[in-house]
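# A structural walkthrough
One-letter residues, chain by chain:
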Amino acid sequence: MLAAGIKGTQELTVSTANSARTVGSGSLDVFATPCMIALMEATSRKSVEPYLEEGCSTVGTLIQVTHDAATPLGMKVRCESELIEVDRRRLVFTVNAYDEKGRIGGGRHERFIVNSAKFQEKADQKAQ
């Protein structure tokens, strides 16, 4: 059952592929803010997937986070999410990211439960 308290965790290693220099968010070889945000979204999404009805998915609609500390190439980053509110189809998470030396960022993230086929069909109609 989808309820507050569901937690998720994921880990990655900072590489040139997810560096600020490579993704264009900066000019340094450190973990990129957009990649931290993507990790937070993925961690939240994956944590609730087992609880969704068949044919449903979630989409990110809001993210309010800070990126407080740089992480160099080669260091591991761990993200933790916790579902703190369920309001019909709206899901609210706290998200935090840590490297091997401590917390590097965190905040809140919202997702909405959608019917996957209907959502994709509506999005595809924009291209016509």
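Everything below is about the structure printed above this text.
A short tour of the structure in this document, coming up. (Residues numbered from 1 in each chain as written. Predicted model: local features only at pLDDT ≥ 70, side-chain atom pairs only at ≥ 80, totals over all residues. Heavy atoms only, no water.)

## Overview of the environment of V48
Where we set the bar: Going along the chain from the N terminus, every DSSP run of H or I of four or more residues is numbered as a helix, and every run of E of two or more is numbered as a strand. Contact between two residues is taken to exist if any of their heavy atoms lie within 4.5 Å; hydrogens are not considered.
Here V48 lies in helix 2 (residues 33-48). Spatially, the C-alpha atoms of V48 and L2 are 7.2 Å apart, while their sequence positions differ by 46 residues. Those residues in contact with V48 that sit more than four places away from it in its chain are L2, I6, T58, L83, L91 and F93.

## A word on the sheet that holds strand 1 (residues 7-13)
Quick reminder of the rule: Strands are labelled as partners when DSSP assigns at least two bridges between them. Note on definitions: angles span 0 to 180 degrees between N-to-C directions of axes, and those axes are lines fitted to C-alpha atoms, for helices only across the stretch in contact.
Pairing is antiparallel in the open sheet, where five strands are placed in the order 1-3-4-5-2. Of all the strands in the sheet, just strand 1 and strand 2 (56-67) have a single pairing partner and so form its edges. Here the strands of the sheet are splayed against their neighbours by 25 degrees on average, with no regard to which way each runs. Sheet analysis places strand 1 next to strand 3 (residues 76-87), joined by seven bridges and oriented antiparallel. The partner of K7 across the bridge, within strand 3, is E82. Sitting on the sheet, helix 2 is in contact with strand 1, strand 2, strand 3, strand 4 (90-99) and strand 5 (102-115), with an inclination near 140 degrees to strand 2.

## Comments concerning the side chain of Q10
This is how it is decided: Polar contacts, as used here, are pairs of N or O atoms within 3.5 Å; protein pairs need one atom able to donate a hydrogen and one able to accept it. Residues neighboring in sequence count only if both atoms are side-chain atoms.
Mapped onto the elements of the fold, Q10 is located in strand 1. Reaching out from Q10, the side chain makes a polar contact with the backbone oxygen of A42 at a distance of 3.3 Å. Setting aside residues no more than four positions away along its own chain, Q10 makes contact with L39, A42, T43, K46, V77, R78 and C79.

## Quick notes on the nonpolar core
Across soluble globular proteins, nonpolar side chains have a tendency to be buried as a group. Applied cut-off: Definition of nonpolar core: a set of buried residues of the types Ala, Val, Leu, Ile, Met, Phe, Trp, Tyr and Cys, connected through side-chain atoms within 4.5 Å. Using a 1.4 Å probe on the protein chains alone, a residue whose accessible area is under 20% of its type maximum counts as buried, one over 50% counts as exposed, and one in between counts as partly exposed.
Formed by 21 residues in total, the largest nonpolar core has its most connected members in L2, F31, V48, V77, L83 and L91. Elements with a minimum of two residues in this core: helix 2, strand 3, strand 4 and strand 5. With five residues, helix 2 is the largest single contributor of residues to this core. With residues up to four places along the chain from it excluded, the contact list for L83 reads L2, A3, A4, G5, I6, V48, L91, V92 and F93.

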